[in-house]
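# Working through the structure, step by step
Below, each chain spelled out in residue letters.
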Amino acid sequence: MWSFLNTGSSFVWDSLRDFAGSTGIAGLFASMGWGNVAMICVAFLLLYLAIKHKFEPLLLLTIAFGMLLTNLPDANLYHTELFEGGHVHWDIFVANAGLLDYLYLGVKLGIYPCLIFVGVGAMTDFGPLIANPKSFLLGAAAQIGIFVTFLGAFALGFTPDQAGSIGIIGGADGPTAIYLTSMLSPELLGPIAVAAYSYMALVPVIQPPIMRALTTKKERAIKMQTLRPVSKLERIIFPIAIAVIIALLLPSATPLVGCLMLGNLMKECGVVDRLSKTVQNELMNIVVIFLGLTVGATATAEAFLNFRTLGILVLGVIAFGLGTAGGVLLAKFMNLFVKEGNKINPLIGSAGVSAVPMAARVSQIEGQKENPSNFLLMHAMGPNVAGVVGSAVAAGILLSFLG
Amino acid sequence: MLSAITDWGWSEMLWTALISICLVFIVLVLLVLIMQGFGVVFSHRPSKTPVTEKQPLLHEEEIAAIATALKMFRSELHDRESEVLTIMSIKRSYSPWNSKIHGLTQMPDRK
């Protein structure tokens, strides 16, 4: 009897000790460093910003939760070693992969950003751009920030492909930034995605001081001519023509631009309403969840907590600012060559940095501060959607040089 | 033949940045030209909808007269009700005053 109790007590004790050793609390003390604790705090901060202040909540919330999951001890959801060296280690993948590793394949293979672009295309009205094609130029000028930051990042010691990924933050287009970074420098995916989406949420804070500094009161009060109506046929031909032209000129930009135009064609043709609604809502929402979670999961302590991240955050805001300035300055320059009645309000130039439709709204708000009867929103939507095409083109060019 | 990207120096970086921004502009300028071409074609297409004749511009006094007439016409309009009254439902909340059990004489229970 005594020996039975003795053996039983040691068995129970061993079992409980093994169980305690397998819990996350034990892992917290055994394997987790200060870095993981700091990353969990960063995840909490991002969750707070997303929920309380509604900073791009759709993506920031999922990114923050992915960050939280990947930094919790022994969760085994994401393994950086499976993607080491910039490619998938298929030989050990199935034996070791966790849930987020499987989902991350969509980022790694460039699937999610393209699917998001299908949804973005279905939600975008290219009418203002078709009515005023000169808006493409403002969209191009706003990409200057990308290339100046590309050089700035190189000066700070980043490699050329890392510099390209950091520069693309200036395009203010999350899917494009994630697509290019996953191709060129996947090790920077976490910090770049967080920087891109944080700055996109901060567009109303970052842009107005630059816009006001570069324009006069008179320029900000310019009223623009009403845009011409755009026929349905033009709206249908536009996405087909752009997809074909971009594919012929710049094949590396085709995945992004092609998907964007596919979504737009679904919306404009009017015969596949079900598909259009699906890509705008269900597909988009599902992909956003997968993309946010997996991009957040790449933000491990080793990848995030270093001076490189600080450099990326600083360079990102510089890229954003330069892009804004580029668009405004080109609009001012274009005004030198047009007659009095056809002047462009330079405030719409800042909308060339993508960030649809936030940047266009900022142009509208700033314009109305000078002249409450001035409605710039539709005029600003032209450069805004041109910026989406422009940043995808810039990403394609960088990919063809650096990929 | 391009050197490996890892060996790039400032010269390669500057050229890449310069060529890239030029390419962005060239591609988008090309799109501007093509879209303007489309615009010209579509704005000259004969419209299927019947063309309405342009009305001559109205004189300011005529506009004022029309506006005054509209104002006077609208100021004389009144809200017209349907004049049909229908009791849709009656809500009878409980009260001892309308309770049947309190209204009837309680008969003694004889056994």
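Here the structure is a predicted model, which is why all the values come from computation and not from measurement. (Residues numbered from 1 in each chain as written. Chains lettered and ligands numbered in written order. Predicted model: local features only at pLDDT ≥ 70, side-chain atom pairs only at ≥ 80, totals over all residues. Heavy atoms only, no water.)

### Digging into the overall build of chain B
Scanning chain B for helices and strands turns up 3 helices and 0 strands. Helices (α) and strands (β) of chain B occur, in sequence order from the N terminus, as α-α-α. Counting only residues that meet the buried cut, chain B has 15% of its 111 residues in that class. A total accessible area of about 11000 Å² is found for chain B, and carbon and sulfur atoms account for 63% of it. (Helix = DSSP H or I, 4+ residues; strand = E, 2+ residues; numbered from the N terminus. Buried < 20%, exposed > 50% of the residue type's maximum accessible area, 1.4 Å probe, protein only. Areas by Shrake-Rupley, 256 points an atom, 1.4 Å probe, with all protein chains shown as cover.)

### Focus: the side chain of Glu234(A)
Here Glu234(A) shows up in helix 16 (residues 232-249). On the basis of relative accessibility, which here comes to 5%, the residue Glu234(A) falls in the buried class. Look past the residues within four positions of Glu234(A) in its chain and what remains in contact with it is Ile130(A), Arg228(A), Gly39(B) and Phe42(B). (Contact = heavy atoms within 4.5 Å.)

### Side note on the packing of aromatic side chains
Residue and element names in this part refer to chain A. One pass over the structure, following the stated rule, counts 11 aromatic pairs over all chains. Between Phe-333 and Phe-337, the aromatic rings sit 5.1 Å apart at their centres with planes inclined by 75°, giving edge-to-face as the arrangement. According to the relative accessible area criterion, Phe-333 is partly exposed, its value standing at 46%. Take Phe-337: its relative accessible area is 61%, and that puts it in the exposed class. An aromatic cluster of at least three residues, connected via ring pairs, comprises Tyr-78, Phe-83, Trp-90, Phe-93, Tyr-102 and Tyr-104. (Phe/Tyr/Trp six-rings, centres within 6.5 Å; stacked < 30°, edge-to-face > 60°.)

### Some points on the confidence of the model for chain B
Low-pLDDT stretches of the model should not have their predicted coordinates read in fine detail. Summary statistics for chain B give a mean pLDDT of 79 and a share of 85% for residues scoring 70 or more. The secondary-structure element of chain B with the lowest mean pLDDT is helix 3 (residues 100-103) of chain B, recorded at 71, while helix 1 (residues 10-43) of chain B shows the highest, at 91. (pLDDT = per-residue confidence, 0-100.)

### Let's talk about the layout of surface pockets
All names here are of chain A. The computed volume of the largest pocket comes to approximately 810 Å³. Surrounding the largest pocket, 29 residues form its lining, Glu-56, Val-120, Met-284, Val-356 and Pro-357 being those nearest its centre. Those elements that place two or more of their residues in the lining of the largest pocket are helix 4 (57-71), helix 7 (111-123), helix 13 (189-201), helix 19 (282-297), helix 22 (358-370) and helix 23 (377-402). Here the element with the most residues in the lining of the largest pocket is helix 7; it accounts for 4 residues. (1 Å grid on protein atoms, 1.4 Å probe; cavity = no way out; pocket = protein on both sides within 12 Å on 5 of 7 lines; lining within 4 Å. Points joined across faces, edges and corners; volume = space filled by probe spheres on them.)

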